[in-house]
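Descriptive analysis of the structure
Below are the chains, spelled out letter by letter.
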Amino acid sequence: MSQWAKVQQSPAIFRQMQTYYPPCFPMEVRYFLCQWIEEQQWDQIDENNPSFVPIAEKILMEMLDLLRQKAEELTSQEFFIIRIKLEESVQRIDVALKRNPLELVQIIKNCLSMEQRVIEQAEQSSKQPQKMEEFMDDQQNISEKIMTEIQSLTQRTKITEADSKNLQHKQESFIIRFSDCQKVTGQLQQIAQLPNTKEKIAKEIQLRTQKDQIDNQLSGLAQELLHLRMELSRKYEQTIHSLQELQKEILDNELISWKRRQQLAGNGLLMDNSSIETLQQWCESLADLIWQNRQQIKKSTQLQQQLPIKFPDGEEDILPRLNDTITGLLSSLVTSTFIVEHQPPQVLKKDARFGAVVRLLVGGKLNVHMNPPQVKATIISESQAKDLLRNDVKAKSDTSGDILNNTGIMEYQPSNGQLSISFRNMQLKKIKRADKKGSEAVTEEKFCILFQSEFSVGGNELVFQVWTLSLPVVVTVHGNQECNATATVLWDNAFAEPGRVPFTVPDQVEWRLLADQLNMKFMSHTGKGLSETNLSYIASKLFNNKDPNSSFVTWAQFNKDTLPGRSFTFWEWFYAIQKLTKEHLKDLWTDEAIIGFVSKNQAQDWLSNKQSGTFLLRFSDSEIGGITIAWTGERSEVWNLAPFTTKDFNIRGLADRVKDLNSLVTLFPNKPKDSVFSKYYTTTAENVNNDGYIRPHLKTTIPDQYNSGDPDMRQPFSPEAEYESNANSVLSSDELDDGAQMYAINLQQLTDYMPDDIVETDVQQLLESQQFNF
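First things first, this report covers the structure right here in the doc.

It is at 10 Å that the axes of helix H13 (residues 482-495) and helix H17 (residues 570-590) come closest, and there the two elements cross at 105°. As far as their axial angle goes, H17 and H13 are roughly perpendicular. Listed contacts from H17 to Glu-482, Cys-483, Asn-484, Thr-486, Ala-487 and Leu-490 of H13 are Trp-571, Glu-572 and Tyr-575. Counted by class, the contact of H13 with H17 contains five nonpolar, two polar and two charged residues.

Given below as structure tokens:
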């Protein structure tokens, strides 16, 4: 079934995917060109390499032609709207193609990748429907609770706004009456200077009576004003308390939860992209409420200053305190919603281009974009990050390296209200490492990217200096460091606790917690997760026969100490299998053609009672990044081929190798070989080329003598053996002598522990120049 068919098959997936297609690659294009899009070799286009521009342009021009043809075919009146949408899509794609074809390729690849991940998550979730349903219910309940509180606060803010206007109206009435009182007082002063007559005395009595009435009215109005002021202040106090609770729920719970999911996404967790839009909606509503209430408090303060009225004994004017509190809320909201929306790569290779997206969730609502702020990115060490969190003034100017293209201006998008900046072409040119801690390798040293900016709000009334940190990154200078750097990142992503001291992680964790992360990681890379049986076997690599459910795994066990009798660590073994499966075995793994995680002895037990030709595929215990074939011979003996690795599959795929071997008949337990593997066989090319030359074929074979005799003989006769010397035949690492094993790990260890400049030059050249004979 095609990927698009799976998207259409599930209404839930279809609804979720609708939000992921951007304007330059809308769902209409995906629908009408579904088969063509999935047939293209998008992965063969490196969007970071300008030399691929002509290839991208060619493919995208073909896409435009197909869309134009489809639009011309929709001549019926009932398809009028669809035809218009297709024509608009053609225009948008044409514009994007002219601007940057590689960027458009990246967008399409991202959409296809997201489709696959949503499908995988849905398939995985279908195995645990109750758990997923409960999670969705919880999220729905939280969302409803927050929206209800926002609506309640909006209504209360309207009420206090009306109260404030009423207070202002009464204060203006008081001022008018006070002016009348002053006028009467002036008249009394003028009459007092006149000679005493009956008219004077009568007029004076009238004016004094009038003044007494006004004084009484003013006294009553003053008491009423004071009461209204105190009552309004108490309402503000209640509103601010509710705003504090709401902000705590949004920032301390939901935003932190989103950041946690973002960190776990580095280990393969599928994130819902709509969640960040929901967060922005909540934060903007919160910012609007805080700003309105702050303005009301300022207005009330101004009214009190215009007409001071002494508070009774035991009462205080709480407006100054409320103003400080709500200003603090606004400050906390602005600084907390300055986030890294798309993280830089956590395994960051020196001199490689990388990107990141930084966003201010309340930027549009507070009109920060009216004076677009600049953002600067720098790389800092773990210790510098600690200093920054301790509010060390110097920490903001510290750096541990040089990054090119590290500044830019935030841009506002009116269509969605986003204020963000996308760093597309940053490049780490220099890195300064800290002194080593004991046996710590360079691939265990953590850095992070610091993003800094300054925002002004309310016409420069408030200025906020903001900063945020990326997730920890490990800097490498050589591809051989990627495996161990990934181990550091996985452990940090999995077990970092909110509010930790940078970048502290536990030294040991429960196996079940690590197992969840390994399953998540493997599924994100290969399309299918690990079963309980798989995880039980994987656990045996660490604990032997010990019950893993009550066991802890230390960091040293995970990726520092070598496995018993091996020259590699547990993670190196697991990582190599994951990489091999992703690059060469993904379809077979998802089709459950590969058992994979099973021991040699268990495989022999399963096969020993099966018919001749029954076989299974399992990952090698001894050859890192290898997969072997075990099968039942004619005399019920079990044979094991030497493991195939990436080098072998670059020459000929596993399905074709299985096809080549006539000794393999039935996939364990009882599936005919061709019914499982035939769809992955490659077609045979013509025997004779146009130039008249005969095309040779590579074929995997096993000598006849290996169908009987000693089942421990595991050396296959492969295409490589036809042109390689016997000294270079494929062997599993448990057959190598000590000198061979040492050489096998020399490059890895040296690149992990030596300084970067040596790794990039001398060590690599030295190791590549050596000749070893075993």
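For the rest of this paragraph, the subject is the nonpolar core. Membership of the largest hydrophobic core comes to 81 residues, with the highest contact counts inside it found for Ile-250, Val-334, Phe-338, Leu-360 and Phe-451. Here the element with the most residues in this core is helix H9 (residues 198-265); it accounts for 17 residues. Residues in contact with Ile-250, not counting those within four places in the same chain, are Ile-146, Leu-255, Leu-279, Trp-282, Cys-283 and Leu-286. Grouped together as the second largest cluster of nonpolar side chains are 57 residues, Leu-530, Leu-535, Ile-594 and Tyr-681 included.

Along the chain, Pro-502 connects to Phe-503 via a cis peptide bond; the corresponding omega equals -20°. Considering the arrangement of structural elements, one finds Phe-503 in the loop between H13 and strand S12 (508-510). Even without a glycine there, the phi angle at Glu-592 is positive, about 60°. Mapping Glu-592 onto the fold places it in the loop between H17 and helix H18 (600-608). Judged by its relative accessible area of 53%, Glu-592 is exposed. Despite not being glycine, Ser-636 shows a phi value in the positive range, around 65°. Relative to the helices and strands, Ser-636 is located in the loop between strand S15 (627-632) and strand S16 (638-640).

Turning next to the sheet that holds strand S14 (residues 614-619). If you walk across this open sheet you meet the five strands as S16-S15-S14-S17-S18, and the pairing is mixed. Here the strands that pair on one side only, and so sit at the sheet edges, are S16 and strand S18 (671-672). Where strand S17 (residues 666-667) meets S18, two bridges bridge the pair, whose relative direction is antiparallel. Looking across to S18, one finds that Thr-666 is bridged to Pro-672. Of the strands in this sheet, S14 and S15 touch H17, which is tilted by about 145° from S14.

Moving on, we come to the sheet that holds strand S10 (residues 462-469). Read across the open sheet, the four strands follow the order S6-S4-S9-S10; overall the sheet is antiparallel. Of all the strands in the sheet, the pair left with one neighbour each is strand S6 (407-409) and S10. Neighbour to neighbour, the strand axes of the sheet diverge by 25° on average, direction disregarded. Taken together, the eight bridges between strand S9 (residues 447-457) and S10 define a ladder with antiparallel strand orientation. What sits directly across from Ser-453, in S10, is Val-466. Where helix H12 (residues 382-389) meets the sheet, it contacts strand S4 (374-381), S9 and S10, and its direction lies at approximately 125° from that of S4.

Another aspect to go through is the side chain of Thr-526. As for its position among the elements, Thr-526 is in helix H14 (residues 511-526). Discounting residues that sit within four places of it in the chain, Thr-526 has contacts with Gln-578, Thr-581, Lys-582, Lys-586, Trp-589 and Thr-590.

What follows concerns the packing of aromatic side chains. All told, the structure shown has 29 aromatic pairs when counted by the stated rule. When the ring of Phe-522 is compared with that of Phe-597, the centres are 5.7 Å apart and the planes differ by 70°; the resulting orientation is edge-to-face. Highlighted residues: Phe-522 in helix H14 and Phe-597 in the loop between H17 and H18, separated in sequence by 75 residues. The exposure class assigned to Phe-522 is buried, which follows from its relative accessible area of 0%. Between the NZ or CZ atom of Lys-541 and the centre of the ring of Trp-573, over which it lies, the distance is 4.8 Å.

Attention shifts here to the pairing of S14. The element S14 is largely enclosed, with a buried count of six among its six residues. With two bridges connecting them, S14 and S17 associate as parallel partners. Looking at the pairing, Thr-614 lines up with Thr-666 of S17. Looking at chain direction, S14 and S15 are connected through five bridges and run antiparallel. Looking at the pairing, Leu-616 lines up with Ala-630 of S15.

With 16 residues, H14 should reach 22 Å at 1.5 Å per residue; the first-to-last C-alpha distance of 22 Å fits that figure. Taken together, the buried positions of H14 are Trp-511, Leu-514, Ala-515, Gln-517, Leu-518, Asn-519, Met-520, Lys-521, Phe-522, Met-523 and Thr-526. Looking at the residues trailing H14, positive phi occurs at Gly-527, about 95°.

All right, on to the pattern of salt bridges then. Pairing of side chains with opposite charge becomes possible as their charged atoms draw close. Going through the model one piece at a time under the given rule, you end up with 30 salt bridges. The salt bridge involving Asp-660 is made with Arg-652; its shortest N-O contact spans 2.7 Å. In terms of burial, Asp-660 and Arg-652 fall into one category: buried. Beyond isolated ion pairs, a larger network of salt bridges with shared partners links Arg-30, Glu-38 and Glu-115.

Right, let's get into the packing of helix H5 (residues 53-73) against helix H6 (residues 80-99). Here H5 crosses H6 at 165°, and the two axes come no closer than 9 Å. Here H6 runs roughly antiparallel to H5, going by the angle between their axes. The handedness of the crossing between H5 and H6 comes out as left-handed. Every residue of H6 that contacts H5 at Glu-57, Leu-60, Met-61, Met-63, Leu-64, Leu-67, Arg-68, Lys-70 and Ala-71 is listed here: Arg-83, Leu-86, Glu-87, Val-90, Ile-93, Asp-94 and Leu-97. Considered class by class, the residues forming the contact of H5 with H6 number 10 nonpolar, no polar and six charged.

Analysis parameters
Residues numbered from 1 in each chain as written. Predicted model: local features only at pLDDT ≥ 70, side-chain atom pairs only at ≥ 80, totals over all residues. Heavy atoms only, no water. Axes fitted to C-alpha atoms, helices over the stretch in contact; angles between N-to-C directions. Helix = DSSP H or I, 4+ residues; strand = E, 2+ residues; numbered from the N terminus. Parallel < 35°, antiparallel > 145°, perpendicular 65-115°, else oblique. Contact = heavy atoms within 4.5 Å. Nonpolar A, V, L, I, M, F, W, Y, C, P; charged D, E, K, R; others polar. Core = buried A, V, L, I, M, F, W, Y, C linked by side-chain atoms within 4.5 Å. Buried < 20%, exposed > 50% of the residue type's maximum accessible area, 1.4 Å probe, protein only. Pairing = 2+ DSSP bridges. Phe/Tyr/Trp six-rings, centres within 6.5 Å; stacked < 30°, edge-to-face > 60°. Lys NZ or Arg CZ within 6 Å of the ring centre and 35° of its normal. Expected span 1.5 Å × (residues − 1). Salt bridge = Lys/Arg side-chain N within 4 Å of Asp/Glu carboxyl O. Left-handed = near helix turned anticlockwise from the far one by under 90°.

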